[in-house]
Amino acid sequence: MTEANRALVAALELAPDQMDFVAGNADSLEEAETDEDARPRVVMAGDRVVGFLMYEAPRDDDEARIYRFMIDRASQGRGYGKAALREVLDEIKGLGHVSHVSICYEPDNEAARSLYRAAGFVEEGLDEDGEMIADLALAARTDDP
């Protein structure tokens, strides 16, 4: 995330029927400025900004939470979400202190459900806001050859 691509991230859009699925990127970018645990990431396809995600992985917690994840409506269906999820999970694994990752999504967001299920997330039920909570247990790291 850089100042140079900030406006491009804020301009990303969802399809009209997806607008209620995720908070706006401008709001998320503002949140990232005040939340020291927030880790905003731009999803790139070559030199194009195609999406945005944000997660937290506090050092004193073994859980990481992906709490913003979107691909621009013009770039959906091309595998960018799957690739971005794979990349962020690799990044989280590399932190070394995280044993599981959680994500929440609207229960009727079938595209999200399918993406997360394919990555190994297991649904645990609804949270207090009616969002589905899904969890992914990360394989234990071994530094031995």
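The text that follows walks through the structure, step by step, so that each part is easy to find. (Residues numbered from 1 in each chain as written. Predicted model: local features only at pLDDT ≥ 70, side-chain atom pairs only at ≥ 80, totals over all residues. Heavy atoms only, no water.)

**As for the sheet that holds strand S3 (residues 63–71)**
Taking strand neighbours across the sheet as the criterion, the six strands line up as S1-S2-S3-S4-S6-S5 in an open arrangement whose pairing is mixed. Sheet topology places strand S1 (38–45) and strand S5 (122–126) at the edges, where each strand pairs with a single neighbour. Shown here is a sheet whose adjacent strand axes are inclined to one another by a mean of 30°, direction ignored. Sitting on the sheet, helix H2 (residues 25–34) touches S1, strand S2 (48–56) and S3, and the angle it makes with S2 is about 50°. In the packing of helix H4 (residues 110–118) onto the sheet, contacts are made with S3, strand S4 (100–105), S5 and strand S6 (132–137), and the angle to S4 comes to roughly 170°. (Pairing = 2+ DSSP bridges. Helix = DSSP H or I, 4+ residues; strand = E, 2+ residues; numbered from the N terminus. Axes fitted to C-alpha atoms, helices over the stretch in contact; angles between N-to-C directions. Contact = heavy atoms within 4.5 Å.)

**Notes on the layout of surface pockets**
Size it by volume and the largest pocket reaches roughly 710 Å³. In terms of lining residues, the largest pocket is bounded by 34 residues, among which Phe69, Met70, Asn109, Ala112 and Tyr116 are the most central. Taken together, the elements giving at least two residues each to the lining of the largest pocket come down to S3, helix H3 (80–95), S4 and H4. Among the elements that make up the lining of the largest pocket, the one with the highest residue count is S3 (eight residues). In terms of residue class, the lining of the largest pocket is built from 18 nonpolar, eight polar and eight charged. (1 Å grid on protein atoms, 1.4 Å probe; cavity = no way out; pocket = protein on both sides within 12 Å on 5 of 7 lines; lining within 4 Å. Points joined across faces, edges and corners; volume = space filled by probe spheres on them. Nonpolar A, V, L, I, M, F, W, Y, C, P; charged D, E, K, R; others polar.)

**Focus: the packing of aromatic side chains**
Enumeration according to the criterion identifies three aromatic pairs in this entry. Seen from their ring centres, Tyr105 and Tyr116 are 5.3 Å apart, and the 45° between their planes marks the pair as tilted. Of this pair, Tyr105 sits in strand S4 while Tyr116 sits in helix H4, and the two are 11 residues apart along the sequence. Taking relative accessible area as the criterion, Tyr105 reaches 4% and is therefore assigned buried. Taking the relative accessible area as the measure of exposure, Tyr116 reaches 5% and is therefore buried. (Phe/Tyr/Trp six-rings, centres within 6.5 Å; stacked < 30°, edge-to-face > 60°. Buried < 20%, exposed > 50% of the residue type's maximum accessible area, 1.4 Å probe, protein only.)

**Some details on H4**
Of all the residues in H4, the buried ones are Ala112, Arg113 and Tyr116. When H4 is viewed along its axis, its buried side chains cluster within an angular range of 100° and face the same direction. Facing away from the buried side of H4, by more than 90 degrees, are the exposed residues Ala111 and Ala118. The secondary structure elements touched by the buried residues of H4 are S3, H3, S4, S5 and S6. One or two residues past the end of H4 sits Gly120, with phi positive at roughly 105°. (Arc of directions from axis to C-beta.)

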